[in-house]
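Coordinate inspection notes
Next come the chains, spelled out residue by residue.
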Amino acid sequence: MLREIADRQPEETDADAPADLKVGYQGEPGAFGEVAAAAHGGVPVPFASFEKVLEALGQGAIDEAVFPLENAVVGGITEALEPLAAAVLRGLDLVATRLTSVPVRLALSAKQGTPLADVRRAWSHPAALRQCTQRLAGMGIEPVVCYDTAGAAKIIAADASTDAAICSRHAAEKSGLDVLIEDVSDRDQNNTRFVHLRQADHARARVPLAFLRTSSMTATNRLDVLTGATLLPLAGTPEHPVRMWVLGADAARLQALAPARDVQVVSLGQPAPHASRLPPKEGTAPAVKSLPHATARRAATVVEVGPFKVGGGHRAMIAGPCSVESPEQVMRIAKEVAACGATALRGGVFKPRTNPYAFQGYGYEALEWLAAAGREVKLPIVTEVMAVDQVQQVAQKADVLQIGARNMQNFDLLRAVGRAGRPVLLKRGAGATTDEWLGAAEYVMASGEARVMLCERGIRTFETSTRNTLDLGGMLAVRPLTHLPLVVDPSHAAGRADLVEGLARAAWSAGADGLIVEVHDDPARALSDNEQALVPARFAELARALALDPNAHLPLAQLRAWVDAIDHDLAELVKRRLDVARVIGDSKRQTGRAVLDPKREAAVRRTYYEALPGSKQLADKLVDLLIEAARAQQSIEE
Ligand code: PEP
Ligand code: MN
């Protein structure tokens, strides 16, 4: 990237540059910075630190400064970038006028007559030392950090030891040192690129260069791919949190593609729009400011289609295969999930696949199969539309239209589904912020459809053990911002069947209004997403664990299994109650307090009356039994 930019630089010296253009650099005369400073006819001015160079530039003591940005061996030169970033973010208004690439040959130099075998330590600037880590280690030479390459040569010249300096040949000769090895860089053809900086004069800004200021590294996810920029991460300071250095990207484009919140673009390369210099807004206000906020918070919306109800306390369980594969397959799975208490049937007929040669879905024919299965088990059907021209025909058969993650910002499609007269399940894009997600919902609502469900299905992060990272934090962050029901898709988030139940439980506990889960009765042969499909038995366990309402159509065997599971839980709870009661009894005895406490007993009784209204007799019997068991266990003599 840098090479490209460097190649684009006009090589002639500035016609209007003063004859004695003072160019500051960090280091001693003979340092590589001096070469960059002199490269275009300037007069190099040395400074002890990068901070001092910036100070001089800010005060107008020098006309220009050169800063090393990137080295071929070690990448970003953080020693220079950190102070530059800090100064720019503090408000020093600079532009980048050109780049200069300086060939770097790191000469290992020592006092005249020093044999190489006697050299035990080598002094240099930390960035230079990093460029020859391997060669030095191979020779058993220990690196010693000092402020500059040429400065290292001066130190060695004045020192009585057999230590060496790592610097340019020019610097070595200037200090009267012998060059023992011409170049100890770990890589041939080493070079460092320097950027030339001037006080803000946007007419001169020629190098697209910017800082991104953000507290979230994931906010910059894929910005490099999207904008063609090179991102060099910087450590940042508590005062200026995580920042990134960006090269080669158009500031306006960066600003447009960076997530609206939490990324501030500070451009050095081009006249930045005034707004980009404003600090990012604190708090959680939605960034969709110019819209009428159809999604904004008010009383919860309940999306309702037959037995399917979600939002405002109603919870949904959408289940079914990833893809509709045959009339029989979808019918079998429909019966299984309905028996477990699912409230809607899912199934893809148009599949967004990463690989164009992978199964793409059986289209409208499969929609008929899905609709038939839905009718049979009396569940509404949910299916994805991928294109505007599918919307009308799919809407004739489907009860709910799904917008897939990949299409979350296909605005034409969002408008089209918004006009189709069907509720919409809007998946969050894998790279979309919560604001963008709400913005997408706003599109659907602005086009006329009020029944929108937001579906969190995992976002792309650095983690590779799961297909995506389920962003429950994002879901919770959206909760106070909108009245729309929130659905969670643990299947696409995990990409692995073994994690689906855990994520589903977590989402449920976090207050998701609904779940959408992929179920297949022969996952090994599934035509898509086979690794994340739950078999019906495991889906049944999940549905029971989440205590869905018993469905009227449940077959007897399923109901029995359900009761068995409840009895198992009850027995476990009774056992735990007895254990805790015993501990209480022990502690009372140790502190000499009466174990029996009629007031407590009355309180326990009240708890049961409340939980079992209209069954006072049962409540009394249960409490009697529990108290009796507790006493027996504590061997209390009455
Ligand atoms: C799906 O639901 O099958 C699907 C493709 O989901 P997503 O768009 O979330 O990847
Ligand atoms: Mn799928």
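The notes below deal with the structure included here. Just so you know, these numbers come straight off a predicted model, no measurement behind them.

This next bit is on the overall build of the chain. When you go through the chain residue by residue, the secondary structure sums to 22 helices and 25 strands. A buried classification covers 50% of the 638 residues belonging to the chain. Within the chain, counting contacts between residues at least 6 apart in sequence, those at least 24 apart form 69% of the total. For the chain, the exposed area adds up to about 29,300 Å²; of that, 53% sits on carbon and sulfur atoms.

Another point: the coordination of the manganese ion (ligand 2). Each pair of donors in an ideal octahedron of six around a metal sits at 90 or 180 degrees, and each pair in an ideal tetrahedron of four sits at 109.5 degrees. Those donors, Cys-322 (SG), His-492 (NE2), Glu-518 (OE) and Asp-529 (OD), are the protein atoms that reach the manganese ion (ligand 2), and they lie 2.0 to 2.4 Å from it. All donors of the manganese ion (ligand 2) come from a single chain, and their spacing in sequence reads C-x169-H-x25-E-x10-D. Highlighted residues: Cys-322 in the loop between strand E18 (316-320) and helix H11 (327-339) and Glu-518 in strand E25 (residues 514-518), separated in sequence by 196 residues.

Next up on the list: helix H15 (residues 434-446). Here H15 spans 18 Å end to end across 13 residues, near enough to the 18 Å set by a 1.5 Å rise per residue. Among the 13 residues of H15, 10 are classified as buried, and the element is accordingly described as predominantly covered. Among all positions in H15, only Thr-434, Asp-435, Trp-437, Leu-438, Gly-439, Ala-440, Ala-441, Glu-442, Val-444 and Met-445 are buried. At its buried positions, H15 is contacted by helix H14 (411-418), strand E22 (424-427), strand E23 (452-456) and helix H16 (472-478).

Take the site of ligand 1 next. Inspection of the region around ligand 1 gives 13 residues, with Arg-346, Lys-351, Ala-405, Lys-427 and Arg-457 positioned closest. Burial of ligand 1 by the protein chains amounts to 98% of its free accessible area of 300 Å². Across the shell around ligand 1, the residue classes break down as three nonpolar, three polar and seven charged.

Turning next to the side chain of Glu-325. Mapped onto the elements of the fold, Glu-325 is located in the loop between E18 and H11. No salt bridge is formed by the buried Glu-325. Its closest oppositely charged neighbour is Arg-332, at 6.7 Å. For Glu-325, the residues in contact, after removing those within four places along its chain, are Tyr-362, Trp-369, His-520, Arg-525, Ala-526, Leu-527 and Ser-528.

With that settled, the discussion passes to the sheet that holds strand E7 (residues 121-124). Read from one edge to the other, the open sheet built from five strands follows the order E8-E7-E9-E6-E10, with strand pairing classed as mixed. With partners counted over all chains shown, the strands left at the sheet margins are strand E8 (142-145) and strand E10 (178-181), one partner each. Going from strand to strand, the sheet's axes swing by 40° on average, the running direction of each strand aside. Pairing of E7 with E8, which is carried by four bridges, proceeds in the parallel orientation. Bridging from a neighbouring strand, Arg-121 pairs with Glu-142 of E8.

Reading the values: rules and limits
Residues numbered from 1 in each chain as written. Chains lettered and ligands numbered in written order. Predicted model: local features only at pLDDT ≥ 70, side-chain atom pairs only at ≥ 80, totals over all residues. Heavy atoms only, no water. Helix = DSSP H or I, 4+ residues; strand = E, 2+ residues; numbered from the N terminus. Buried < 20%, exposed > 50% of the residue type's maximum accessible area, 1.4 Å probe, protein only. Contact = heavy atoms within 4.5 Å. Areas by Shrake-Rupley, 256 points an atom, 1.4 Å probe, with all protein chains shown as cover. Donors = N, O, S within 2.8 Å, 3.2 Å for Na, K, Ca; no water. Expected span 1.5 Å × (residues − 1). Near = heavy atom within 4 Å. Nonpolar A, V, L, I, M, F, W, Y, C, P; charged D, E, K, R; others polar. Lys, Arg positive; Asp, Glu negative; His and termini not counted. Salt bridge = Lys/Arg side-chain N within 4 Å of Asp/Glu carboxyl O. Pairing = 2+ DSSP bridges. Axes fitted to C-alpha atoms, helices over the stretch in contact; angles between N-to-C directions.

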